[in-house]
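Chains, contacts and geometry: an overview
Chain by chain, the residues:
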Amino acid sequence: MPSLTNAPLGFEPMDDVHDEFASLLEALVQANDDAVAAVLRAMAAHTRAHFDAEQRWMEDTGFPARACHAKEHAAVLASIAGVERRVASGDLTCARTLAGSLAQWFPDHARYMDSA
């Protein structure tokens, strides 16, 4: 898994949320089979709150690309929801695959989309 360490964006609330997201992704990668579902639930709850906060910040600041940004967030949330359903039916591998995919996606999303 690539490093999720990003240079801070300079907006402390967002930097804190990003640090927590990275920690939860790492926890999902490292979770034993008995913990995968619980860690995934925690990551899903965090991600919904994380994206809700970003949506409010974008609206408050009149961020011009907020519709595009929101679509990307919606796609991630849909992927997480799908993986939650699969994990509930016993497919734990997909949770680790999701974590790897999000780890690939997140650094550039934060660096290029969130930093704007």
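Presented here is an overview of the structure given in this document. Counting of residues starts from 1 at the beginning of each chain's written sequence and follows it residue by residue. The predicted nature of this model means local features are confined to residues of pLDDT at least 70 and side-chain atom pairs, given and counted, to a pLDDT of 80 or more, with totals for whole chains, interfaces and linings taken over all residues. To obtain the side-chain values, all non-hydrogen atoms of the structure were used and water was disregarded.

Here we come to the overall build of the protein chain. A tally of helices and strands in the protein chain yields four helices and zero strands. We count a stretch as a helix when DSSP gives it H or I for four or more residues in a row; a strand needs E for two or more, and each element gets its number in order from the N terminus. The linear arrangement of helices and strands in the protein chain, starting from the amino end, is α-α-α-α. Relative accessibility under 20% of the residue-type maximum defines a buried residue, over 50% an exposed one, and the middle range a partly exposed one, all with a 1.4 Å probe and only protein chains included. Expressed as a percentage of the 116 residues in the protein chain, the buried residues total 38%. Look at the contacts in the protein chain between residues 6 or more apart in sequence, and 72% of them connect residues 24 or more apart. Every accessible area reported is derived by Shrake-Rupley at a probe size of 1.4 Å, with residue values counting cover from the shown protein chains alone. Approximately 6400 Å² of the protein chain is accessible, and the part contributed by carbon and sulfur atoms is 54%. Note on definitions: a residue-residue contact is assigned when non-hydrogen atoms from the two residues lie within 4.5 Å.

A word on the packing of helix α1 (residues 12-30) against helix α2 (residues 36-61). The N-to-C vectors of α1 and α2 enclose an angle of 160°; their axes lie 10 Å apart at closest approach. In terms of their interaxial angle, α1 and α2 are classed as roughly antiparallel. Read as a crossing pair, α1 and α2 show a hand that is left-handed. Touching Pro 13, Met 14, Val 17, His 18, Glu 20, Phe 21, Leu 24, Leu 25, Ala 27 and Leu 28 of α1 are Val 36, Val 39, Leu 40, Ala 42, Met 43, His 46, Thr 47, His 50, Glu 54 and Trp 57, all from α2. Residue polarity is assigned by list, with Asp, Glu, Lys and Arg as charged and Ala, Val, Leu, Ile, Met, Phe, Trp, Tyr, Cys and Pro as nonpolar; anything else, Gly included, falls into the polar class. Among the residues making up the contact of α1 with α2, the classes are represented as 14 nonpolar, four polar and two charged. Where helices are involved, their axes are fitted lines through C-alpha atoms of the stretch in contact, as for all axes, and angles between N-to-C directions lie from 0 to 180°. Should an angle fall under 35 degrees it is taken as roughly parallel, and over 145 as roughly antiparallel, whereas 65 to 115 is taken as roughly perpendicular and any remaining angle as oblique. Here a crossing is taken to be left-handed if its near helix is turned anticlockwise relative to the far helix by less than a right angle, and right-handed if that turn runs clockwise.

In this scheme Phe, Tyr and Trp rings, the latter by its six-membered ring, pair at centre separations within 6.5 Å, and the angle between planes marks the pair as stacked below 30 degrees, edge-to-face above 60, and tilted otherwise. Within the structure shown, the criterion is met by three aromatic pairs. Ring centres of Phe 51 and Trp 105 lie 6.4 Å apart, and the angle between their planes is 75°; this geometry places the pair in the edge-to-face category. Of this pair, Phe 51 sits in helix α2 while Trp 105 sits in helix α4 (residues 93-114), and the two are 54 residues apart along the sequence. Assessed through its relative accessible area of 19%, Trp 105 is described here as buried. Chaining the aromatic ring pairs together yields one cluster made of Phe 21, Phe 51, Trp 105 and Phe 106.

Attention now moves to the nonpolar core. If you look at the biggest cluster of nonpolar residues, it comprises 23 residues, and the most contacted ones within it are Leu 28, Leu 40, Met 43, Ile 80 and Leu 102. For this core, the elements supplying multiple residues, two or more each, are α1, α2, α3 (66-88) and α4. The element that contributes the greatest number of residues to this core is α4, accounting for eight residues. Put simply, a nonpolar core is a bunch of buried Ala, Val, Leu, Ile, Met, Phe, Trp, Tyr and Cys residues held in one set by side-chain atoms that sit within 4.5 Å of each other.

From the geometry alone we can't say anything about function, so treat these as descriptive.
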